[in-house]
Amino acid sequence: MDALENIKLSQIQIYLLKNLSVLADMPVSAKDLFTFLGISNDILIQYFDALHSLVPHWLEYKNSYYIFPRVKTQEFLKLHPIRVNDLYRLLTYFRRLFSQPQPENIKMLARHEPYLLAILNNFKQPSVLLAQLHTAYAQYLSYREKYDEALLSLQKGSGILQQITPDSPLLAQIWNEMSFIYLKKNNIEKAYQLAQKARDTLNRLPQEITEIRINTEFILGEVFFKSKEYSQAINHFLRTLDLIKKSSYQQYRLLVYVYLQLSDAYRYQQNYEKANFYLTLAEKNLKHLSAPEINIFSEQIRLQRKAISGLSLLAKIKSKFMVYGILALAILISLIMILILASLLFR
């Protein structure tokens, strides 16, 4: 197809081909494509006609799927280079989709993963949106417990941001994500280093980003808890609680978990009164959670309360044993002294 024929392409056709170019060689249905691009019903027919009219000169059509062959993609891009804004809707759709993996949507994410990988492999222009896409994919991989792959995706995202905007709040978020993965891998030292990088990045920002700061303080709390430095862990968990209260988002699941961690930390310090106090706060906030979460946390609270009760009773027994033991020892010493004195007097 020569340049004159390319000029005849409408703006809608150019827009569709630009987005399909990062899905080169991938079979895509019209329904999926329009979902990715957020095409509303009132202009759906217009976009469908524009898409279908690109067959066979630009697109192949097989079994209800459209394919933009890589060879033709390269030819098209010479005439119509891509800008980030051209792919805004496509990138945003996949960023949102993969950043919130849940049991109910995991099958759909697996089905859409090849599309996401095609985008990441074909679109290399550094941008915040591309970094966000790498981060979203890492969250999905982490959910699937593919931690090494998740770390690689996060490293790619951080590399993009360090290149174009080294003081971005998203960079602190990426350090947090990486730190949390290293916690799961039980690499405490690496988790601590990355959490500190996140904190340093946040400290350089002109404004406070509460949501990211919450995660940083929480991760540091987890780092010190796993290191059995319970006083430090308590300090970071208490800071996390203060930030949650200042946040505009309701984070009840995290709130309950932090209360449980505080209870556990105080239990290890043998401060059973405070351990029970935070356990009660955790229990009071269960009502805000979903039924499955309530069941899981309720069992944790039951076991924790049982452990605290047993340890508290043992501590009381030990305390009484020490008191009575010291008293018995004192009486025994007194009797010995009396016997010694009597033997001296009546010798």
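Model, not experiment: these values are computed from the prediction.

Here is what the cut-offs are and how they apply
Residues numbered from 1 in each chain as written. Predicted model: local features only at pLDDT ≥ 70, side-chain atom pairs only at ≥ 80, totals over all residues. Heavy atoms only, no water. Helix = DSSP H or I, 4+ residues; strand = E, 2+ residues; numbered from the N terminus. Buried < 20%, exposed > 50% of the residue type's maximum accessible area, 1.4 Å probe, protein only. Contact = heavy atoms within 4.5 Å. Areas by Shrake-Rupley, 256 points an atom, 1.4 Å probe, with all protein chains shown as cover. Polar contact = N/O pair within 3.5 Å; in protein donor to acceptor, adjacent residues only side chain to side chain. Pairing = 2+ DSSP bridges. Lys, Arg positive; Asp, Glu negative; His and termini not counted. Salt bridge = Lys/Arg side-chain N within 4 Å of Asp/Glu carboxyl O. Core = buried A, V, L, I, M, F, W, Y, C linked by side-chain atoms within 4.5 Å. Axes fitted to C-alpha atoms, helices over the stretch in contact; angles between N-to-C directions. Parallel < 35°, antiparallel > 145°, perpendicular 65-115°, else oblique. Left-handed = near helix turned anticlockwise from the far one by under 90°. Nonpolar A, V, L, I, M, F, W, Y, C, P; charged D, E, K, R; others polar. pLDDT = per-residue confidence, 0-100.

Asker: I'm lost on the overall build of the protein chain in this one. Help?
Answerer: Looking only at helices and strands, the protein chain has 16 helices and 3 strands in total. Here the protein chain holds 347 residues, and 44% of them are scored as buried. Within the protein chain, counting contacts between residues at least 6 apart in sequence, those at least 24 apart form 64% of the total. For the protein chain, the accessible surface area stands at approximately 19,600 Å², while carbon and sulfur atoms represent 56% of it.

Asker: Help me understand the side chain of S29 in this model?
Answerer: Looking at where S29 falls in the secondary structure, it is placed in strand β1 (residues 28-29). Relative accessible area serves as the criterion here: at 14%, S29 is assigned to the buried category. Among the polar contacts made by the side chain of S29, one reaches the main-chain amide nitrogen of D32 at a distance of 3.1 Å. Apart from the residues lying within four places of it in its own chain, the contact partners of S29 are S64 and Y65.

Asker: I'm lost on the sheet that holds β1 in this one. Help?
Answerer: One key point about sheets: their strands pair by backbone hydrogen bonds, in either a parallel or an antiparallel sense. The strand order across the open sheet built from 3 strands is β1-β3-β2, with neighbouring strands paired in antiparallel fashion. At either end of the open sheet lies a strand with only one pairing partner, and these are β1 and β2 (60-62). As paired strands, β1 and strand β3 (residues 65-67) are joined by 2 bridges and run antiparallel to one another. Looking at the pairing, S29 lines up with Y65 of β3.

Asker: Explain the side chain of E113 here, please?
Answerer: Relative to the helices and strands, E113 is located in helix α7 (residues 106-122). As a buried residue without a salt bridge, E113 has its nearest oppositely charged side chain in R144, at a separation of 4.6 Å.

Asker: Could you clarify how one ought to interpret the nonpolar core in this entry?
Answerer: Counting 108 residues, the largest nonpolar core has L16, L51, L59, F94 and F98 as the members making the most contacts within it. Setting aside residues up to four positions removed in sequence, F98 forms contacts with L109, H112, E113, L116, A136, Y137, Q139 and Y140.

Asker: What should I look at first to understand the environment of K284 in this one?
Answerer: Position of K284 among the secondary structure elements: in helix α15 (residues 272-284). Relative accessible area serves as the criterion here: at 57%, K284 is assigned to the exposed category. Residues K284 and V256, spaced 28 residues apart in sequence, show a C-alpha to C-alpha distance of 8.8 Å.

Asker: What should I look at first to understand the packing of helix α12 (residues 210-226) against helix α13 (residues 230-246) in this one?
Answerer: When two helices pack together, their arrangement is given by the angle between their axes and by how far apart the axes lie. Taken N-terminus to C-terminus, the directions of α12 and α13 make an angle of 160 degrees; their axes are 8 Å apart at the nearest point. It follows that α12 is roughly antiparallel to α13 by the angle criterion. In terms of crossing hand, the pair formed by α12 and α13 is left-handed. In contact with T210, R213, I214, E217, F218, L220, G221, E222, F224 and F225 of α12, α13 contributes Y230, Q232, A233, H236, F237, R239, T240, L243 and I244. Class assignment for the residues of the contact of α12 with α13 results in 10 nonpolar, 5 polar and 4 charged.

Asker: Just checking my understanding: could you explain the pattern of salt bridges for this structure?
Answerer: Opposite charge on two side chains lets them pair, provided their charged atoms get close. Evaluation of the coordinates by the stated rule reveals 14 salt bridges. A salt bridge links R83 to D86; its shortest N-O distance comes to 3.4 Å. For R83, a relative accessible area of 52% gives the class exposed. E217 serves as the salt-bridge partner of R239, at 3.7 Å between the closest nitrogen and oxygen. A residue pair is termed long-range when its members are at least 10 positions apart, and R239 in helix α13 and E217 in helix α12 qualify at 22 residues. Residue classification places E217 among the buried residues on the basis of a relative accessible area of 5%.

Asker: In this structure, what is going on with the confidence of the model for the protein chain? I would like to understand it.
Answerer: The predicted coordinates of low-pLDDT regions are not to be read in fine detail. A residue-level look at the protein chain finds 87% of positions with pLDDT of 70 or above and a mean pLDDT of 90. Counting interchain partners and residues more than four positions distant, the pLDDT-below-50 stretch residues 1-6 has 7 contacts.

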